Amino acid sequence: MTKRVKIENLSSELAKTLKDFAGATDDIVDQAVKETAKEAVQELKQAKPPGSGEYGDWKDYNKGWKITQTKTDKRYNRKATIHNATNYQLTHLLEKGHALVAGGRKRGNTRAFEHIAPVEEKAEERLMEKIKKGIKDA
């Protein structure tokens, strides 16, 4: 789209165009954050790390994953927080392992089941791809 602008109106037209572009990118980022958070929650709900079956069923734990939408932070960054609403106490213990009551970390009893970090890494990559694609298509 070509538009003729007089030199005296150039700054106002440029400011208007940049404002329109900023609004479009805000919408793109908002949508990408929401979609990526939903995908990450679905992955976490399906998570069953290798070897975890011998320690019981993960159904109740996996049902608890939820998204809390946070509009912006102080720097106007879009945010979505993913957390386990029902078994939040277990997330760190399962991800990192833990010490025994008797002390120490004996073999097999405190094994870590990494299931959050891999999903987080994939979600970060997907989010960046979606934002780049959305801005490119806009």
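Residue positions are counted from 1 within each chain, in the order its sequence is given. In view of the model being predicted, local features appear only for residues whose pLDDT reaches at least 70, and side-chain atom pairs are presented and counted only at 80 or more, with totals across whole chains, interfaces and linings using the full set of residues. The side-chain figures draw on all heavy atoms in the structure; neither hydrogens nor water molecules are used.

**Re the overall build of the protein**
Of regular secondary structure, the protein possesses 4 helices and 2 strands. Put simply, DSSP marks the helices as runs of H or I at least four residues long and the strands as runs of E at least two long, and each gets a number from the N terminus on. Each helix and strand of the protein, ordered N terminal to C terminal, gives the series α-α-β-β-α-α. Here's how the labels work: a residue is buried when its accessible area is under 20% of the maximum for its type, exposed when over 50%, partly exposed in between, all with a 1.4 Å probe on protein chains only. A total of 138 residues make up the protein; the buried ones form 22% of that total. Counted over contacts in the protein with a minimum sequence separation of 6, partners at least 24 positions apart contribute 53%. Of the roughly 10,600 Å² of accessible surface on the protein, 54% is carried by carbon and sulfur atoms. A contact between two residues is defined here by any heavy atoms of the two lying within 4.5 Å. Residue burial considers only the protein chains on display, and all accessible areas are found by Shrake-Rupley using a 1.4 Å probe.

**Focus: a nonpolar patch on the surface**
The residues that make up patches have over 30% relative accessible area and no salt bridge, and they are joined within 9 Å when like-charged or within 5 Å when they are Val, Leu, Ile, Met, Phe, Trp or Tyr. Any Lys or Arg side-chain nitrogen found within 4 Å of a carboxyl oxygen on Asp or Glu counts as a salt bridge. Taken together, the side chains of Val5, Ile7 and Leu10 make up a nonpolar region of the molecular surface, amounting to roughly 280 Å² of accessible area. Looking at the element boundaries, Val5 is found in the segment before α1 (10–46). Owing to a relative accessible area of 34%, Val5 belongs among the partly exposed residues under this scheme.

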